[in-house]
Amino acid sequence: MSASQDNKQLLHLVIGGELSSLDGVEFKDLSKVDIVGVYPNYAAAHAAWKAKAQATVDQAQTRYFVVHLHRLLDPSTSQH
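Below or above, wherever it landed, is the structure these notes cover. For every chain, the first residue of the written sequence is number 1, and numbering continues from 1 onward in sequence order. Thresholds applied to this predicted model are a pLDDT of at least 70 for local features of residues and 80 or more for the giving and counting of side-chain atom pairs; totals over whole chains, interfaces and linings are not thresholded and use all residues. Here the side-chain values reflect all heavy atoms present in the structure, with hydrogen atoms and water set aside.

### Considering the sheet that holds strand 3 (residues 62-67)
Here's step 1: Here we have three strands laid out as an open sheet, ordered 2-1-3, and antiparallel in their pairing. Only two strands of the sheet have a single neighbouring strand rather than two, namely strand 2 (34-39) and strand 3. Here the average twist between neighbouring strands, direction ignored, is 15°.
Here's step 2: Pairs of strands are assigned from DSSP output, requiring at least two bridges between the strands. Counting from the N terminus, the helices are the DSSP runs of H or I reaching at least four residues and the strands are the DSSP runs of E reaching at least two. Strand direction decides the pairing type here: strand 1 (residues 12-18) and strand 3, joined by six bridges, are antiparallel. In the sheet register, Gly16 faces strand 3, and the bridge partner there is Tyr64.
Here's step 3: Taken strand by strand, helix 2 (residues 42-55) contacts strand 1, strand 2 and strand 3, and its axis lies near 175° from that of strand 3. Under this scheme, a helix contributes an axis fitted over its contacting stretch, all axes are lines through C-alpha atoms, and angles between N-to-C directions fall in the 0 to 180 degree range. Every residue pair with non-hydrogen atoms within 4.5 Å of one another is taken to be in contact.

### Focus: the side chain of Thr56
Here's step 1: Within the secondary structure, Thr56 sits in the loop between helix 2 and strand 3.
Here's step 2: Residue Thr56 is classed as buried on the basis of its relative accessible area of 12%. Categorising residues by exposure relies on relative accessible area from a 1.4 Å probe, with only protein chains included: less than 20% of the type maximum marks a residue as buried, more than 50% marks it as exposed, and the intermediate range marks it as partly exposed.

### Observations concerning the packing of aromatic side chains
Here's step 1: Any Phe, Tyr or Trp ring, taking Trp's six-membered ring, that has another such ring centre within 6.5 Å forms a pair; planes under 30 degrees apart are called stacked, those over 60 apart edge-to-face, and the others tilted. Enumeration over the complete set of coordinates arrives at one aromatic pair.
Here's step 2: A ring pair is formed by Phe27 and Phe65, whose centres lie 6.2 Å apart and whose planes are at 85°; its orientation type is edge-to-face. Here Phe65 lies in strand 3 and Phe27 lies in the loop between strand 1 and strand 2, a separation of 38 residues in the sequence.
Here's step 3: For Phe27, a relative accessible area of 15% puts it in the buried group.

Spelled out as structure tokens, the structure:
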């Protein structure tokens, strides 16, 4: 891969909040969804996700997710 491909922006969104049920991914109250941020690559998003997930480890119904925005914006991308 060239340097420009290595540095390609692959947007990721980190969100989380309390789920209605542990069996799904439906949030209990959409007005309380925590939009952590948008990150330029998976590594940065994973670090943010991990920090939030660890901070809420005692809240069983609270979950955080990494959403691969680049896959929604350009389905041809298959990297993290």
